[in-house]
Amino acid sequence: MKALKYTLAFLGAATLACACTNEDPDYFDKAAAYRMDDIKTETKKLLTEAPNGWELQYFTANDWEPGYTILMRFNSDQSVEMAANNIFASFASGNGGNSIDNNYAVIYTPKMFSDISLWKMVSDAGPVLTFDTYNNMLHPFSDPYDVPLTANNEAGNGHEGDYEFIVMARNDSVVSLRGKKTEVNMLLKKLPEGLDWNEYLAKIRNTYLNTFSPLFPTQVMTIGSKRYIVSGFNSGLIDVYAEGDDALTSTTTLISMPLADGYRLREPFNGATTVDGLNAIDGLALQEFHFGEDGLLHAPDAVIEPYYTPAQLFPMMAYKNVVSLKEEDCGPTFYAALDAFAGAVKKRYKQRLATLQFYYSGAERRYGMQFIANKGIQSTAPMIFAPVPSPDGDNIRFELSSTEGNLAGNLRLKDMDGLHDFITFINARTWKVTSAASSPYCPTRMRLTDVADPDCFFTVDLLSNK
Amino acid sequence: MKRNIFNILAAATLAAGALALTACSEDDLDPRSVLDDNLSEGNIDPDGYCYAFDQWLEDNFNRPYNMEFIYRTEFKSTDQNYNLVPPTIEKAEELAVLTRYLWYDVYGKLQGEDFLRTYGPKIIHLIGSSGVNPANGTEILGLAEGGLKVSLYKVNVLDYTQPDEMNALYFLTMHHEFTHILHQTKTYPKEFNLINSANYQPTNWQDRMASMCASMGFVSSYASGQSREDFAETCANYITFTPDGLDLILWMADRGWFKAPDGNNIANFSFPMKDQTFCYYYYASEKNRSLDRRTYCGQFYCPRDHCNYITDLCATLDADGQVQSQQSSGGKKIMNRVEDIEAFFQSLRDKGYELYPVEDTDNQDGKANILQKISIARDWYASAFGLNLDALREEVQYRQTHIDMAELMTPILGAQAAQAKYGPKE
């Protein structure tokens, strides 16, 4: 019994001794405070050693505005120069601005604005990059006041933006940041040397203005084998739902921003939210789309394409197709026919042919071809009726009537030499419709080419038919 | 039993010995400090972008008063329920020199520098915006925390050419918050709390018109919230009100006010306001008299606390309080001197109108209450701190009207740059 007691006593002592040794394994080679200090120092060095600065792809936490590019040059004297080209930077810089309601085109400005303030790295919720004096490029997004130029009252919340960012990760050219208050993730990307800030911001604005148009709002995004209907790129707020789902109940809105070479989403897209969630794509996280050589936006295993082909868009009631009368916009065969028709107009009206267009007339409740002389002495412009062209793949055919039009059209069919010849010329051909615009998503210009004669083509501008 | 205890003690002694031996081994101190560089340095970077300003703050606030003047906003030390932004460098510099000139130098001159070394805040924190409450739209313009820290908000709208606005936004706040620090050190007489004890309204003070508050005995709407705010407001307003401003608040306090029914906005009125209050009425015709259709005048207008005006608006209201018409310039003319206001009323009398004062129904002699409160504050300043409140007021009044920004900014910007930016323009 005595031996057992002593054995237990020694075992207990040995256990306590082992428990108190300082041989715990080190998971990190330095204490947390030193590691924090190192990250701050290294990040500071990284940021200041970029002679042409950085590009912050900045998003606020609200759901009513797109993201913005803010260019930054970090100086070792704790100053930071920032530049931006958005309406709020303009407003903060004392330039006023137009209302952004229903006119998102004004949200990025043609002029670049700039300001200087201070920055530093601090220890907070991790290593934090803080911009601790006000800069007109960044801090308007954190002001608590009612946002200027909007119809709603945002007093107390403002844009819900951040100016303090936790450094989440970094490499030589990218720093991953998280807004300390909003927890919105953003990227800070190093700008190449020699890049002109003004030109770069203009390029981003060009992406925004000229890639999409509210005139052609609907696109289709294909991810693997799944298709999603997307719209609203022109406002930066992209509505998306899986094809076949109910748009009203299944639409998710993604916040985006234009880049010089594509678009970035605020949050990765991992499948449209549907009522039952069945269409979610596991493991998918699309966040950035870049323009390919085809002008389309691509991401790994994903592409965004126009929902309608040019041939489908051409006859839609939403558009008016105005024929360009310039010789350089026509093939020689078509221009010869057009010139003969213009001669007939001149002979009849003693005026020049000013407008030739195909569209659906709400007043006449008919589709057709209308022509207008330059002084427009007719009370109603002549219109020759036709059934709405029905596309066959990329091709369409016109069936302009030789006997039926509006009142002025009927008169001209009777008394205007050359009109029947032109109608016959148009009707006799099958026209292949292709986009002639710089962006495939925004076919504001189309070319119609005789499938049997490449030299016979004409160009139309698509305008809103309101 | 004794033996058992001995055995247990022996085992425990052995265990403790082993523990002591191991616990004391190899615990060397690391030569590096874990303190944040930004805090441990405590010195100023001569190559820093704001070196001149930082050095000026060091020489004028931090070192002489053993404090921190923080213009690079530390969001983590603010109320994170609010969305706040930092000040611009330019506005921070301007407010810093004005704080020195209108607050620290005033007390330094009257009480010596030790007074603010003893009672002054240990931290002054500048914040660019106000703290806006999304629920009711109220704004925080200043905070004093435990006698240690004063936060001044809305720095980014500072306009040194507008003394009234600066008073309302900053200097009133400075003296208000400093009063809090002082009374947290030496409490003010309890009799102050009893003067308007039945009239405090802690939750909805912002919905009260300052004119009606004055009639009860408060120098501002905010003062009517609770007694300690009333005390701080009374002191701060007394110190910063111009003589005309003080006359006006006492004039307002000396009468009754009629409040038009809610939602009864007056069409085309120059200043869109939710509420309207008036202190006189007359009958524009015998017909109106027979219908008790009163034309109210002496309309109170207050764009923000501490900025009180009377307008020339005359509005005719039906007996049910609905606006029938408005006269004069529709409120475009605003007056903040009692003699101008009285002259306006005389002009109405000269037109043949008999003016009737609005009945004062709050059962308080507002003017007497305010004067009593000022008297208590005056005595408290003298007895608790040996400070002459009227001398303090006089010094502040002088400085408020003699601000030479070019001279104040010279130590930071240099004489040439300060003169170019703030000097008189040709």
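Residues numbered from 1 in each chain as written. Chains lettered and ligands numbered in written order. Predicted model: local features only at pLDDT ≥ 70, side-chain atom pairs only at ≥ 80, totals over all residues. Heavy atoms only, no water.

Okay, the sheet that holds strand β13 (residues 252-259) of chain A next. All names here are of chain A. A barrel is described by the order of its strands in space; here eight strands give the closed sequence β10-β11-β12-β13-β14-β15-β16-β17, paired in antiparallel fashion. Each strand of the sheet is rotated relative to its neighbour by a mean of 30°, with strand direction disregarded. Taken strand by strand, helix α4 (residues 197-210) contacts β13, β14 (262-269) and β15 (286-291), and its axis lies near 140° from that of β13. (Pairing = 2+ DSSP bridges. Helix = DSSP H or I, 4+ residues; strand = E, 2+ residues; numbered from the N terminus. Axes fitted to C-alpha atoms, helices over the stretch in contact; angles between N-to-C directions. Contact = heavy atoms within 4.5 Å.)

What follows deals with α4 of chain A. Residue and element names in this part refer to chain A. When the terminal C-alpha atoms of α4 are compared, their 20 Å separation across 14 residues agrees well with the 20 Å that a helix rising 1.5 Å per residue should span. Those residues of α4 that sit buried are W197, Y200, L201, I204, T207 and Y208. Relative to the axis of α4, the buried residues are bounded by an arc of 110° and lie together on one face. Looking at where α4 begins, the residue whose side-chain oxygen comes 2.9 Å from the main-chain nitrogen of N198 is D196. (Expected span 1.5 Å × (residues − 1). Buried < 20%, exposed > 50% of the residue type's maximum accessible area, 1.4 Å probe, protein only. Arc of directions from axis to C-beta. Polar contact = N/O pair within 3.5 Å; in protein donor to acceptor, adjacent residues only side chain to side chain.)

We now examine the state of the cysteines. Taken as a whole, this structure holds zero disulfides over all chains when the rule is applied. You can see C456 of chain A has no disulfide; the closest cysteine sulfur is in C330 of chain A, sitting 9.4 Å from it. Residue C456 of chain A is classed as buried on the basis of its relative accessible area of 0%. Free of any disulfide, C279 of chain B has its nearest neighbouring cysteine sulfur in C297 of chain B, separated by 6.7 Å. (Disulfide = S-S within 2.5 Å.)

Another point: the packing of aromatic side chains. All names here are of chain B. On inspection of all chains with the given rule, the structure shows 65 aromatic pairs over all chains. Ring centres 5.7 Å apart and planes at 10° place the aromatic pair Y107 and F115 in the stacked group. Considered together, Y107 and F115 belong to a single accessibility category, that of buried residues. Pairing Y200 with F218 gives two aromatic rings, centres 5.4 Å apart and planes at 50°, and the pair type is tilted. (Phe/Tyr/Trp six-rings, centres within 6.5 Å; stacked < 30°, edge-to-face > 60°.)

Positive phi values are uncommon outside glycine, yet E160 of chain A reaches one of about 65°. Here E160 of chain A lies in the loop between β6 (126-130) and β7 (164-170). For E160 of chain A, a relative accessible area of 33% corresponds to the partly exposed category. In this structure, N66 of chain B takes a positive phi of about 50° despite not being glycine.

Of all hydrophobic cores here, the largest spans 98 residues; its most connected members are Y107, W251, F345 and Y381 of chain B. Per element, the largest residue contribution to this core is twelve residues, and it comes from helix α4 (residues 89-111) of chain B. Counting 67 residues, the second largest nonpolar core, distinct from the first, contains L46, Y68, I223 and Y441 of chain A. (Core = buried A, V, L, I, M, F, W, Y, C linked by side-chain atoms within 4.5 Å.)

Attention now moves to the confidence of the model for chain B. Residues and elements named next belong to chain B. Across chain B, the average pLDDT comes to 85, with 83% of residues at or above 70. Here residues 36-41 scores under 50 on pLDDT; set against residues more than four positions off or in separate chains, the count is six contacts. On the interface metric, ipTM, the complex scores 0.81, and its pTM is 0.83. (pLDDT = per-residue confidence, 0-100.)

With that out of the way, let us pick up the side chain of T311 of chain B. Among the structural elements, T311 of chain B can be located in strand β10 (residues 307-311). Engagement of the side chain of T311 of chain B in a polar contact is seen with the backbone nitrogen of L313 of chain B, the distance being 3.1 Å.

On to the sheet that holds strand β1 (residues 54-58) of chain A. Backbone hydrogen bonds are what pair the strands of a sheet, in a parallel or an antiparallel way. All names here are of chain A. Reading across from one edge, β4-β3-β2-β1-β9-β8-β7-β6-β5 is the order of the nine strands in this open sheet, with antiparallel pairing throughout. With partners counted over all chains shown, the strands left at the sheet margins are β4 (108-118) and β5 (120-124), one partner each. Strand after strand, the sheet turns through a mean of 30° between neighbouring axes, direction not considered. One ladder, built from four bridges, connects β1 with strand β9 (residues 185-190); its direction is antiparallel. Across the sheet, Q57 pairs through a bridge with L187, a residue of β9. Where helix α2 (residues 32-48) meets the sheet, it contacts β1, β2 (68-74), β5, β6, β7, β8 (174-179) and β9, and its direction lies at approximately 160° from that of β5.

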